[in-house]
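# Descriptive analysis of the structure
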Amino acid sequence: MTQTSNLPRRRFDVVIVGAGGSGMRASLQLARAGLNVAVLSKVFPTRSHTVAAQGGIGASLGNMSEDNWHYHFYDTVKGSDWLGDQDAIEFMCREAPKVVYELEHMGMPFDRNPDGTIYQRPFGGHTANYGEKPVQRACAAADRTGHAMLHTLYQQNVAARTTFFVEWMALDLIRDTDGDVVGVTALEMETGDVYILEAKATLLATGGAGRIYAASTNAFINTGDGLGMAARAGIPLQDMEFWQFHPTGVAGAGVLLTEGCRGEGAILLNSNGERFMERYAPTLKDLAPRDFVSRCMDQEIKEGRGCGPNKDYILLKLDHLGPETIHKRLPSVYEIGINFANVDITKEPIPVVPTIHYQMGGIPTNINGQVVVPDGNGGQKVVNGLYAVGECSCVSVHGANRLGTNSLLDLLVFGRAAGNHIVANLDRAREHKPLPKDAADRTLARLARLESCRDGEYAQAVANDIRQTMQQHAGVFRTQASMDEGVRKINALRERVANIGLKDHSKVFNTARIEALEVENLIEAAQATMTSAAARKECRGAHTVKDYERPADDPECPLGRNDKEWMKHTLWWSETNSLTYKPVNLKPLTVESIPPKVRTF
Ligand SMILES: Cc1cc2nc3c(=O)[nH]c(=O)nc-3n(C[C@H](O)[C@H](O)[C@H](O)COP(=O)(O)OP(=O)(O)OC[C@H]3O[C@@H](n4cnc5c(N)ncnc54)[C@H](O)[C@@H]3O)c2cc1C
């Protein structure tokens, strides 16, 4: 067996795992400051999932309707169902215009208004004057905002001489005896060789784990690798019970149709041809937040008003916008309609269903992107040398439910903030800390087990069963009994993951080995989700449990959101598959706190 001491090593000031929007925003800050930074990615940087983002970036520029960051702050706190930390939310909403203008100055091709300012469209849950009416806040480049943003960031990084390791898969964090993170182990896919990458600071930016579900808008590479790496290294995962279903995934295909469709004026219809959202959300209608709209759609389907022969989908109607608006503002949505549903959206409505889209939880951090863990005295302490940003992190600005456009914003704001914090605090003259003797032992043991297990299960079979289990037991509506059963099933699946074997032992581009390693990350994210969900005995944001729903005719009933007992963040620990909790920060940085109230739209 290979020993740690035999592995090839490389040294950098900073290693970033992930070349999506968050990783590349951070690396840009570092490379521009002259630090030696390496960015690893499983795929070519511009193929990261950020490229698929369609609708826009939230920022209160006020180009098209009156707006300011206080409104954005209020909407985000309310959207989070009061689980978001108000200091982080204030920081994000205040920084938003700055990071958007920076992108503009880097050359990002935003759509324009006739006066030359950035075009902004309405989006779910974004309002003016504290909930009074929809506001135009989503800064957009047609329906290809993520594409434009990721390419802009990549080009700027190339100019700043960031080093990219393309088609490299990070496998494990390396922690020394002080608990400090001193780098990662990584697999070069082309050769199958394992390396040690040493760093004074390591930043995880690996994106979401949306592939723990069967029906997902996420890219196939979104297997939650950063979550797995953190969990295996003894770092807890926060608020993993909260998963966002996007209301408009193409029925049967899962591909996303941006909320920008409804921002531009599209509406949802049931089988009676009724615009049912008017009944549930009289003010915001189809532009209520995603958790809310997804539940209403599910309700319509359950009550027999779904469309189609099996009454199992809802229709999204766009034809009244006219072909000109559709081709100008929603060109990709038009193509998706033709390619994935055989529907010309300029002529007829398209079948949609709520589809898994985004994880609100992740690796706990502070507003500098530093990873934080409980200090044993009721407070939090920083893990030296480790940062996390983007969808894999939980700062937490999205709380129990993210507003659309706030993720691209989160990548920019916290990617930049983490970069700045590293630049300000990294001692360039200091030597790298010595590597512990067992630096790569965990990684090498994982690989050795896969090689030696010759009659084990196929990774694909186990991954499919994880996805089906999550789909069935942690959906839009949950029940206590079903979640408890989900916990048992996922626990059993973890044993099957430990029995995955490889039939193909070749080294060069062995995708079977990569998939098997990814499943070891999927199971961490899935178990974190199921265990955290089954424990939370209330309804909040995207976590809706039938057993705890407040009856519609009894607003005084104690069921529903239970702020007294459950206004707290979940922390899931892999080694023991158990939970601890930490308080929500209700104190913003400079303004008054927004006290909890009932969420109506
Ligand atoms: C279809 C779709 C549309 C969306 N539209 C919007 C929108 O309009 N507005 C909005 O605000 N949000 C939107 N979102 C959400 C948002 O796009 C994502 O949350 C965000 O882009 C995630 O960015 P990230 O930087 O965290 O990670 P990603 O962009 O997912 O990048 C992850 C990176 O990590 C790398 N990586 C992962 N594991 C490893 C490993 N083990 N080793 C090496 N590299 C690794 C990958 O190769 C990749 O480079 C959308 C999401 C989807 C799926």
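Structure's up top.
Quantities reported herein were computed from a predicted structural model and do not represent experimental measurements.

About the thresholds
Residues numbered from 1 in each chain as written. Predicted model: local features only at pLDDT ≥ 70, side-chain atom pairs only at ≥ 80, totals over all residues. Heavy atoms only, no water. Helix = DSSP H or I, 4+ residues; strand = E, 2+ residues; numbered from the N terminus. Expected span 1.5 Å × (residues − 1). Buried < 20%, exposed > 50% of the residue type's maximum accessible area, 1.4 Å probe, protein only. Polar contact = N/O pair within 3.5 Å; in protein donor to acceptor, adjacent residues only side chain to side chain. Disulfide = S-S within 2.5 Å. Salt bridge = Lys/Arg side-chain N within 4 Å of Asp/Glu carboxyl O. Near = heavy atom within 4 Å. Areas by Shrake-Rupley, 256 points an atom, 1.4 Å probe, with all protein chains shown as cover. Phe/Tyr/Trp six-rings, centres within 6.5 Å; stacked < 30°, edge-to-face > 60°. Lys NZ or Arg CZ within 6 Å of the ring centre and 35° of its normal.

### Here we look at helix α15 (residues 511–535)
In this model α15 runs 36 Å from its N-terminal to its C-terminal C-alpha over 25 residues, within 8% of the 36 Å that 1.5 Å per residue would give. Burial runs high along α15: 22 of the 25 residues are buried. Measuring from the backbone nitrogen of A512 back to the side-chain oxygen at the start of α15 gives 3.0 Å, which picks out N510 as the cap.

### Looking at the state of the cysteines
Any covalent bond linking the sulfur atoms of two cysteines counts as a disulfide. Following the criterion strictly, the structure yields 0 disulfides and no others. Just so you know, C261 is unpaired, no disulfide at all, and the nearest cysteine sulfur is the one on C307, 17 Å from it.

### A look at the pattern of salt bridges
Where side chains of opposite charge bring their charged atoms close, a pairing between them can arise. The full count for this structure, using the stated rule, is 48 salt bridges. The residue E90 makes a salt bridge to R94 at a minimum N-O spacing of 2.7 Å. In this pair, E90 and R94 are both assigned in helix α3 (residues 86–106), 4 residues apart and thus about one turn of the helix distant. Note on E90: relative accessible area 1%, which makes it buried. As a salt-bridge pair, E520 and R446 come within 2.5 Å of each other at their nearest N and O atoms. Note that E520 is positioned in helix α15 and R446 in helix α12 (residues 441–452), a separation of 74 residues in sequence. Note on accessibility: E520 and R446 belong to one class, buried.

### Section: the site of the ligand
The environment of the ligand is made up of 39 residues, and the closest members are S48, H49, T50, E391 and L408. A205 is positioned such that a nitrogen or oxygen atom in its backbone is 3.5 Å from an oxygen atom of the ligand. Burial of the ligand by the protein amounts to 99% of the accessible area it has alone, namely 1000 Å². For the shell around the ligand, the secondary structure elements donating two or more residues are α1 (21–32), β2 (37–41), β7 (168–175), β14 (350–359) and α11 (406–425).

### Describing unusual backbone geometry
Put simply, V395 and S396 share a cis peptide bond, and its omega is -5°. Looking at the secondary structure, you find S396 in the loop between β18 (393–394) and α11. Here N129, not a glycine, exhibits a phi torsion of approximately 55°, which is positive. Among the secondary structure elements, N129 is positioned in the loop between β4 (120–128) and β5 (133–139).

### Quick word on the packing of aromatic side chains
Evaluation of the coordinates by the stated rule reveals 14 aromatic pairs. Summarising the aromatic geometry, the rings of F44 and Y154 are spaced 5.4 Å apart at their centres and angled 70° between planes, so their arrangement reads as edge-to-face. Here F44 is found in the loop between β2 and β3 (57–58), whereas its partner Y154 is found in helix α4 (residues 145–159), with 110 residues between them in sequence. By the ring-pair criterion, three or more aromatic residues cluster together here, those being F12, F165, W168 and Y195. The lysine or arginine in question, R329, covers the ring of Y119, its NZ or CZ lying 3.6 Å from the ring centre.

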